[in-house]
Structures are given as structure tokens and as C-alpha cells.
Amino acid sequence: MLRDITIGQHFPGNSIVHRCDPRLKIVATIAYIVVLFMASNPVGIVLSLLLLALLYRAAKIPFKLITKSLKPILPIVLFTAVLNLFFITGEGDPLIHLGFIRIYAEGVRYAVLMAVRIVALIAGTSLLTYTTSPIVLTDAIESLLKPFAKLHLPVHELAMMMTIALRFIPLLIDETEKIMNAQKARGATLDNGKFFERVKALIPVLIPLFISAFRRADELAMAMECRCYHGGDGRTRLKVLRFGKDDVLCAAVLTLCLAVILSTRWLIPTF
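Residues numbered from 1 in each chain as written. Predicted model: local features only at pLDDT ≥ 70, side-chain atom pairs only at ≥ 80, totals over all residues. Heavy atoms only, no water.

1. Structural notes on a nonpolar patch on the surface
- Taken together, the side chains of Phe79, Val82, Leu83, Phe86 and Phe87 present a nonpolar region at the surface, about 510 Å² in accessible area.
- One can find Leu83 in helix H5 (residues 74-87).
- Classification of Leu83 as partly exposed rests on a relative accessible area of 36%. (Patch = residues over 30% accessible without salt bridge, like charges linked within 9 Å, V, L, I, M, F, W, Y side chains within 5 Å. Areas by Shrake-Rupley, 256 points an atom, 1.4 Å probe, with all protein chains shown as cover. Salt bridge = Lys/Arg side-chain N within 4 Å of Asp/Glu carboxyl O. Helix = DSSP H or I, 4+ residues; strand = E, 2+ residues; numbered from the N terminus. Buried < 20%, exposed > 50% of the residue type's maximum accessible area, 1.4 Å probe, protein only.)

See below:
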């Protein structure tokens, strides 16, 4: 299960999605999430999924990575769907009425809608990290937050912390798996027993994991100090972010696609 978590991983490539300006990809990802939750009918949802599939196809990233990244969040998706299924009421008679349990058609629709939205949300944000390296992502976040520097916000430090946290996810996942395998080799039962027994069995895993995380953070801080890191003041970059013709074309195409998806909210009857 831990190997299925692909958040924060980068898959190098030379596709048009990889070559796009990272600032454009961040803004497009945010816009996609907004449009995804504003789409309130089946046509808008289908068009959103189709756009995401085309982007994955253009990036030449295997679709199996989507299913792999969705496995860890399946409990969250199911929990959200169940909440909408049982707590959304509607007009008319319920489809199922068993004692205090009442399931309406509106509840079923919203449960499916919310599940699809969460799946598309995870897949869309994963595409950003799949096609953007952490270093470039740091520069893009800092560039987008640069106007807030006038309010005396530590823009460079915030961007650095966000990228380091994102980069640490796969490292901590590997470390967790190593610790769990070591505990199992010593006779620990982490996968058997009742729920509370499993939670209690995770304590021998969490303690060394926290120690390892603090040790990695201390080593990273020491390495940055040894290299005379002083923040973003006077810092130069090997690659300066610039918008090119391909970026303008991609921005126009994505804007048009998102506008079409958003227009279905008013042109087509709601879900």
C-alpha cells in the first residue's frame, strides 16, 4: 500500500506538458480544481475527465499510475460517498427505506458526483508533480508569490518549505516501509488483529519514523548552512522562467477547454 503513494514523485520526460512553464501548470491546476467543483452536471464532469485523460496522454504518463495513486485514498472516497448517500435528502419517496435509513435518488447522484470529483482532484494534482521537478516547482511557487513580498512575507522561505515538504513524502514512505519490514522480521504483527490492536502495533513504527524524520531535517539544515544558504536575497538561477510561444498556445487551449466545461453549468440542466 505504501508503494502506491506517488504524491511528490517526478517522472522526467520531454512531452509538451513537461516543457510547459511551471507557473502555467500551477495556475491551470488550481483553475481545473475550481472548474471541477463548479461543474454540476454529468456533461461537465465527463468533459473534465476527458481533459484530464488527454493531458495524461500528452504527458506520456501511464494510466496505471492513476489507479496506483488512488488506492491509498479509496477509504476517503468511500467515506465521502457514504456520507452523501445517507445524509442528502430529496423530494419524493426514498429509493430505499429500512428503519431510520433512507436513501434518495439525490443522495445517490451526489455520492457519485463527489467520488468522481475527488478522484479527478487527486489525478489532476498528481499530474503537476509527475511532470514538474521539485526545483522548478520551487521557482514557480516563489515567482507566483512574489507580489506578496511587498507585504514583508518570506516568499522564498515559504516556497522552499512547501517544496521540501512535498519532496519528503516519498522519502518518508520508503523509510516507513523499511521500518515496517524490520519490525515484521523481528516478529511484529502489524497486519493482523483488531483495529485497535493494529493501531497499537504501529507505535514501534511511528517512534523510529519520527526520529528518522528529525534526523533527515537536521542533516538537510546542516547541509544548507555548510553551503552558506541565506535565503533568496541575491540568489541567481541557472534557468530563468520565461513564457514561450508553446506556453501561450497551451494557456489559450486550456483556457478554452476550462471555459467550455464551466459553461455547461448554465447551458445544460444541473446534475
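After presenting the structure, the write-up continues.
2. Description of the side chain of Arg117
- On the secondary structure map, Arg117 appears in helix H6 (residues 105-130).
- The contact partners of Arg117, leaving out residues within four places of it in the chain, are Leu36, Phe37, Met38, Ala39, Ser40 and Ile45. (Contact = heavy atoms within 4.5 Å.)

3. Details of the layout of surface pockets
- Estimates place the volume of the largest pocket at around 540 Å³.
- As for the largest pocket, its lining consists of 27 residues, of which Val17, Leu51, Leu55, Leu127 and Leu254 are closest to the centre.
- Elements that contribute at least two residues to the lining of the largest pocket include exactly helix H1 (16-19), helix H2 (22-38), helix H3 (42-59), H6 and helix H11 (245-267).
- For the lining of the largest pocket, the element with the highest residue contribution is H11, accounting for eight residues. (1 Å grid on protein atoms, 1.4 Å probe; cavity = no way out; pocket = protein on both sides within 12 Å on 5 of 7 lines; lining within 4 Å. Points joined across faces, edges and corners; volume = space filled by probe spheres on them.)

4. Section: the packing of H3 against H6
- Two elements in contact, H3 and H6, have axes whose closest approach is 11 Å; the angle formed by their N-to-C orientations is 25°. In this view, H3 runs roughly parallel relative to H6, as classed from their interaxial angle. Here the hand of the crossing between H3 and H6 comes out left-handed. Along the contact surface, H3 presents Ile45, Leu49, Leu52, Leu55, Tyr56 and Ala59, while H6 presents Leu113, Val116, Arg117, Ala120, Ala123, Gly124, Ser126, Leu127 and Tyr130.
- Among the residues making up the contact of H3 with H6, the classes are represented as twelve nonpolar, two polar and one charged. (Axes fitted to C-alpha atoms, helices over the stretch in contact; angles between N-to-C directions. Parallel < 35°, antiparallel > 145°, perpendicular 65-115°, else oblique. Left-handed = near helix turned anticlockwise from the far one by under 90°. Nonpolar A, V, L, I, M, F, W, Y, C, P; charged D, E, K, R; others polar.)

5. So, the environment of Trp266
- Relative to the helices and strands, Trp266 resides in helix H11.
- Spatially, the C-alpha atoms of Trp266 and Ser40 are 9.2 Å apart, while their sequence positions differ by 226 residues.

6. Description of the environment of Leu220
- With respect to the element layout, Leu220 can be found in helix H10 (residues 203-226).
- Leu220 gets classed as partly exposed once you look at its relative accessible area, which sits at 30%.
- For the pair Leu220 and Ile164, spaced 56 residues apart in sequence, the C-alpha separation works out to 9.8 Å.
- Once residues within four sequence positions are removed from consideration, Leu220 is found in contact with Ile164 and Phe168.

7. What to know about the pattern of salt bridges
- Applying the stated criterion across every chain yields a total of two salt bridges.
- Ionic pairing is found between Asp21 and Arg23, a salt bridge with its closest N-O pair at 2.9 Å. Like Asp21, the residue Arg23 is buried in the burial classification.
- Salt-bridge contacts for Arg216 lead to Glu175; the nearest nitrogen and oxygen are separated by 3.3 Å. Taken together, the residues span a long stretch of sequence, with Arg216 in helix H10 and Glu175 in helix H8 (residues 155-185) at a distance of 41 residues.

8. Details of the packing of H8 against H10
- Where H8 contacts H10, the axes come no closer than 10 Å and their chain directions differ by 140°. The orientation of H8 with respect to H10, classified from their angle, is oblique. Every pair of crossing elements has a handedness; the one defined by H8 and H10 is right-handed. Along the contact surface, H8 presents Ile164, Phe168, Leu171, Leu172, Glu175, Thr176, Ile179, Met180 and Gln183, while H10 presents Pro204, Val205, Pro208, Leu209, Ser212, Ala213, Arg216, Ala217 and Leu220.
- A per-class count over the contact of H8 with H10 returns 13 nonpolar, three polar and two charged.

9. Side note on the confidence of the model for the protein chain
- In the predicted model, the protein chain carries a mean pLDDT of 80, and the fraction of residues at 70 or more is 87%.
- Averaged pLDDT values over the elements of the protein chain bottom out at 69 in helix H9 (residues 195-201) and peak at 91 in H2. (pLDDT = per-residue confidence, 0-100.)

10. A few points about the state of the cysteines
- In the structure shown here, the tally under the stated rule is zero disulfides.
- Summary of cysteine pairing: Cys250 is not part of a disulfide, and the nearest cysteine sulfur, belonging to Cys20, is at 3.4 Å. (Disulfide = S-S within 2.5 Å.)

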